[in-house]
Amino acid sequence: MTNTHTVPVSLGDRSYDVLIGADLLARAGETISPLLKRPYVPIVSDETVAALHLETLTQSLEASGIECGPIILPPGEATKSFKHLEELLSALMDAGVERTDMVIAFGGGVIGDLAGFAAAVLRRGVDFIQIPTTLLAQVDSSVGGKTAIDVPQGKNLIGAFHQPRLVLADTSVLGTLTMRDLRAGYAEVVKYGLIDDFDFFEWLEKNGPALIDGDQDLRAEAVRHSVAAKARVVAADEREDGQRALLNLGHTFGHALETAAGYSGDLLHGEAVAAGMGIAFDVSVHLGLCPADDAARAKAHMRATGLPASISDLEKRNSLSVPDTQELIRLMGQDKKVSGGKITFILTRGIGKSFIASDVDMDQVAQVLSKRQAA
């Protein structure tokens, strides 16, 4: 395919490719057809994505002789629930989905997580294809096989590892995102630089504003670089038994903030992660692990690209009422990375120098959170 980048995710007999490029939706039929046992595939999407892009996808599939049955769900994080999981599974069974069929997850991270989890449990596991339509989903959630729903106790606590058979990341659809959604996705792009790639962070400092403003080549390069980074980590640690946990930089704090916000549109996942990364840098500085200049630089870049970098930013920009310190710590205690009753944090010794910390003094964390990170 012309101007299409292919990033392999190497997992033995569960390996698959991530295809990245413009106008992949229009060619989806010819790409997907060889993977199907029969010419039928249900498409799981949400109302927003369906209104914008479903016709392009269905026309491409039908042109390749593939029958497709769209299942359209409400948009938003609240859709990642037991209620909508049950509705989706019922719809897939009513549609006659067989054990050897595939399901297409066509949308952002919410649809990818929900449809992927439904595929993981339907008939004890059917294959699925990710077609992510947001920047966040293209660079992060569509790759690596994590699928889940949210519950009142916390985010992504009910789920399964279930790798897709293919990921189609059509970068041209990013042009239909709201600026807020695009910036939220950019938080996950910045994350890769902050974890272990200082050169990429410098590239983002130079190119991030133009990328957000609409430069297609820069967007494609950011997606390619981010996917390649995640693919390397997933190939080495598929089930997050070790270094894959580094990809959760900012997420322990961010998930607690999302849970406190009730998974509402008041706080997007990427916004919570951005604030969470700012908190992680501030905790690292407070513990004497990270130079204050690096924390200031990381937070300055996020703010320069329209992202929050602190609890204080969230309270001002999103008009959120963030819970007090003890409630945030209680919510962090529900995190999936808790082991032996202790919260595992991703902290940092500087930009590009993140590490896993499993024995952090929670009193020190509380001191940082109580300041609401005004700086």
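As the structure is a computational prediction, the values presented were derived from the model and not from experiment.

How should I be thinking about the overall build of the protein in this particular structure?
The secondary structure content of the protein amounts to 14 helices and 11 strands. A compact globule built from 375 residues would reach a C-alpha radius of gyration of about 21 Å, and the protein, at 20 Å, matches this within 12%. Based on the C-alpha atoms only, the size of the protein along its principal axes is roughly 60 × 40 × 40 Å. Looking at the protein as a whole, 59% of its 375 residues qualify as buried. Long-range pairs, those at least 24 residues apart, make up 74% of the contacts in the protein between residues at least 6 apart in sequence. With the model as given, the accessible surface of the protein reaches about 14,700 Å², and the carbon-plus-sulfur share is 49%. One finds the centroid of the 35 positive side-chain charges in the protein at a distance of 4 Å from the centroid of its 49 negative side-chain charges.

What am I meant to see in the nonpolar core here?
Across soluble globular proteins, you tend to see nonpolar side chains buried next to one another. One finds Val 18, Leu 135, Tyr 186, Leu 194, Phe 253 and Met 332 to be the most contacted residues of the largest nonpolar core, which totals 77 residues. For this core, the element with the highest residue contribution is helix α10 (residues 269–286), accounting for nine residues. The residues touching Val 18, leaving out its near neighbours within four places in the chain, are His 5, Thr 6, Val 7, Val 9, Val 143, Val 167 and Val 227. Judged by nonpolar contacts, the second largest core, of 23 residues, contains Leu 25, Leu 36, Met 102 and Ile 129.

I keep staring at helix α6 (residues 179–196) and nothing clicks. Help me out?
Taking 1.5 Å as the rise per residue, α6 with 18 residues should run 26 Å; its terminal C-alpha atoms sit 27 Å apart, in good agreement. For α6, the buried fraction is high: 13 of the 18 residues fall into the buried class.

Where do I start with empty space enclosed by the protein in this structure?
Think of a ball as big as a water molecule: rolled over the atoms, this probe shows where empty space is left. Within the structure shown, the criterion is met by three cavities of 30 Å³ or more. Along its surface, the largest cavity is lined by 13 residues, and Lys 155, His 255, Leu 331, Gln 334 and Asp 335 are the ones closest to its centre. Only β8 (154–161), α9 (251–260) and α13 (325–332) provide two or more residues apiece to the lining of the largest cavity. Counting residues per element, the lining of the largest cavity draws most heavily on α9, which supplies four residues. In this structure, the second largest cavity occupies an estimated 40 Å³ of space.

Any chance you could explain unusual backbone geometry here in plain terms?
Most peptide bonds adopt trans geometry, and most residues besides glycine take a negative phi value. A positive phi angle, near 50°, is found at Arg 123, a position not held by glycine. Along the chain, Arg 123 falls in the loop between α4 (109–121) and β6 (127–132). If you check the backbone angles, Glu 240 has positive phi at about 55° while not being a glycine. With respect to the secondary-structure elements, Glu 240 resides in the loop between α8 (216–236) and α9.

Honestly, the packing of helix α3 (residues 82–94) against α4 in this entry has me stumped. Any pointers?
Their axes nearest at 10 Å, the elements α3 and α4 cross at an angle of 60°. Here α4 runs oblique to α3, going by the angle between their axes. Like other packed secondary-structure pairs, α3 and α4 cross with a definite hand, here right-handed. From α3, His 84, Leu 85, Leu 88, Leu 89 and Leu 92 reach across to α4, where they touch Leu 114, Ala 115, Phe 117, Ala 118 and Val 121.

Before we go on, may I ask you to explain the sheet that holds β6 in this structure?
One open sheet holds the seven strands; their spatial order is β1-β2-β9-β6-β5-β3-β4, and the pairing between them is mixed. The open sheet has two edge strands with one neighbour each: β1 (5–9) and β4 (67–73). Strand-to-strand twist of the sheet, defined as the mean angle between neighbouring strand axes without regard to direction, takes the value 20°. Across two bridges, strand β3 (residues 40–46) lies against strand β5 (residues 102–107) in parallel orientation.

It is not clear to me how the environment of Val 121 should be interpreted in this structure. Could you clarify?
By the secondary structure assignment, Val 121 is in helix α4. In sequence terms Val 121 and Lys 371 are 250 residues apart; their C-alpha atoms lie 43 Å from each other.

Criteria and thresholds
Residues numbered from 1 in each chain as written. Predicted model: local features only at pLDDT ≥ 70, side-chain atom pairs only at ≥ 80, totals over all residues. Heavy atoms only, no water. Helix = DSSP H or I, 4+ residues; strand = E, 2+ residues; numbered from the N terminus. Rg over C-alpha atoms; globule rule 2.2 N^0.38 Å. Buried < 20%, exposed > 50% of the residue type's maximum accessible area, 1.4 Å probe, protein only. Contact = heavy atoms within 4.5 Å. Areas by Shrake-Rupley, 256 points an atom, 1.4 Å probe, with all protein chains shown as cover. Lys, Arg positive; Asp, Glu negative; His and termini not counted. Charge placed at Lys NZ, Arg CZ, Asp CG, Glu CD. Core = buried A, V, L, I, M, F, W, Y, C linked by side-chain atoms within 4.5 Å. Expected span 1.5 Å × (residues − 1). 1 Å grid on protein atoms, 1.4 Å probe; cavity = no way out; pocket = protein on both sides within 12 Å on 5 of 7 lines; lining within 4 Å. Points joined across faces, edges and corners; volume = space filled by probe spheres on them. Axes fitted to C-alpha atoms, helices over the stretch in contact; angles between N-to-C directions. Parallel < 35°, antiparallel > 145°, perpendicular 65-115°, else oblique. Left-handed = near helix turned anticlockwise from the far one by under 90°. Pairing = 2+ DSSP bridges.

The values reported here are purely geometric and, on their own, carry no functional implication.
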